[in-house]
Amino acid sequence: MNRDSTPSQTEIEYRQVISYCKALFDKKNKDYGTSWRILRLPSLTDQIFIKAQRIRSIQEKGAQKIEDGIEGEFIGIINYCIIALIQKSLEGSDQMEFAPEELGRIYDEQVEITLELLRNKNHDYGEAWRDMRISSMTDLILMKIFRTKQIENNDGKTLVSEGVEANYQDMLNYAVFCLITLKGKQQQQQQQQ
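First things first, this report covers the structure right here in the doc. Bear in mind the structure is a predicted one, so any value in this text is a computation, not a measurement.

1. Some words on unusual backbone geometry
So, point 1. The phi torsion at Glu 127 lies on the positive side, around 55 degrees, for a residue other than glycine.
So, point 2. Looking at where Glu 127 falls in the secondary structure, it is placed in the loop between helix H4 (100-125) and helix H5 (134-153).

2. Some points on helix H3 (residues 70-89)
So, point 1. Spanning 20 residues, H3 covers 29 Å between terminal C-alpha atoms, matching the ideal 28 Å at 1.5 Å per step.
So, point 2. Burial analysis of H3 places 15 of its 20 residues in the buried class, the great majority of the element.

3. Digging into the packing of helix H1 (residues 9-32) against helix H6 (residues 164-192)
So, point 1. Two elements in contact, H1 and H6, have axes separated by 10 Å at closest approach and are oriented at 100 degrees. By the angle between their axes, H1 is roughly perpendicular relative to H6. Touching Thr 10, Glu 13, Tyr 14, Gln 16, Val 17 and Ile 18 of H1 are Leu 172, Asn 173, Val 176, Leu 179, Ile 180 and Lys 183, all from H6.
So, point 2. Per-class residue counts for the contact of H1 with H6 are seven nonpolar, three polar and two charged.

4. With respect to the environment of Leu 85
So, point 1. Along the polypeptide, Leu 85 turns up in helix H3.
So, point 2. You can call Leu 85 buried: its relative accessible area is 3%.
So, point 3. The sequence separation of Leu 85 and Tyr 107 amounts to 22 residues, and the corresponding C-alpha distance is 8.9 Å.
So, point 4. Those residues in contact with Leu 85 that sit more than four places away from it in its chain are Gln 110, Thr 114, Glu 165, Tyr 168, Gln 169 and Leu 172.

5. Some remarks on the packing of aromatic side chains
So, point 1. Inspection of every chain in the model, using the stated rule, returns five aromatic pairs.
So, point 2. Note on Phe 49 and Phe 146: the rings are 5.7 Å apart at their centroids and 65 degrees apart in plane angle, and the pair reads as edge-to-face. Highlighted residues: Phe 49 in helix H2 (residues 41-61) and Phe 146 in helix H5, separated in sequence by 97 residues.
So, point 3. With 6.0 Å between their ring centres and 85 degrees between their planes, Tyr 174 and Phe 177 make a pair best called edge-to-face. Of the two residues, Tyr 174 and Phe 177 both sit in helix H6, three residues apart, roughly one turn of that helix.
So, point 4. Of note, Lys 149 hangs over the ring of Phe 49, and the distance from its end group to the ring centre comes to 4.6 Å.

6. Some remarks on the state of the cysteines
So, point 1. A complete count under the given rule lists zero disulfides for this structure.
So, point 2. Not engaged in a disulfide, the cysteine Cys 81 finds its nearest cysteine sulfur in Cys 21; these two sulfurs lie 10 Å apart.
So, point 3. By relative accessible area, which is 0% here, Cys 81 ends up buried.
So, point 4. Counting only cysteine sulfurs, Cys 81 is the nearest neighbor of Cys 178, a cysteine outside any disulfide, at a range of 12 Å.

What counts as what
Residues numbered from 1 in each chain as written. Predicted model: local features only at pLDDT ≥ 70, side-chain atom pairs only at ≥ 80, totals over all residues. Heavy atoms only, no water. Helix = DSSP H or I, 4+ residues; strand = E, 2+ residues; numbered from the N terminus. Expected span 1.5 Å × (residues − 1). Buried < 20%, exposed > 50% of the residue type's maximum accessible area, 1.4 Å probe, protein only. Axes fitted to C-alpha atoms, helices over the stretch in contact; angles between N-to-C directions. Parallel < 35°, antiparallel > 145°, perpendicular 65-115°, else oblique. Contact = heavy atoms within 4.5 Å. Nonpolar A, V, L, I, M, F, W, Y, C, P; charged D, E, K, R; others polar. Phe/Tyr/Trp six-rings, centres within 6.5 Å; stacked < 30°, edge-to-face > 60°. Lys NZ or Arg CZ within 6 Å of the ring centre and 35° of its normal. Disulfide = S-S within 2.5 Å.

Geometric values such as these leave the question of function open.
The following block contains the structure:
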């Protein structure tokens, strides 16, 4: 937050995106339960890869054959990143089922940790992401996926780099930025009509 404790415009927009993502996460958990608890981190990384690769493919081709738009893929990236962060935080636990309130609390905890990272980076970088292209942010997500895969292939060990958690947080934040940017472009188009 700002010095006067009021949320920044970015934080307001961030929370709007996360609120939508969490609502979808909650609905899917009602449909499927926490079956995702069976997934290992590399499987989650691959799910994120599939979504990011589809976004890039649509961006490069300028067309798509499946109706679902890229917004849904960014939402999927956000939720899979949060699931990965939850899985990482629950390492060593074999608990498969969670009460909805408990799962919601765990989801929110990971969001707050990631939002704090965003605040710190926005302070240092001056919200440079607002001047970036969605295609560039997509490429950064893909780069973070490949970094994460390399770390996973090295049994989670790094010599001087951040671990998988930081990469999941960065992917989550870039996906949120993309959705904020897409919404802004849609609003501009509506105002021009």
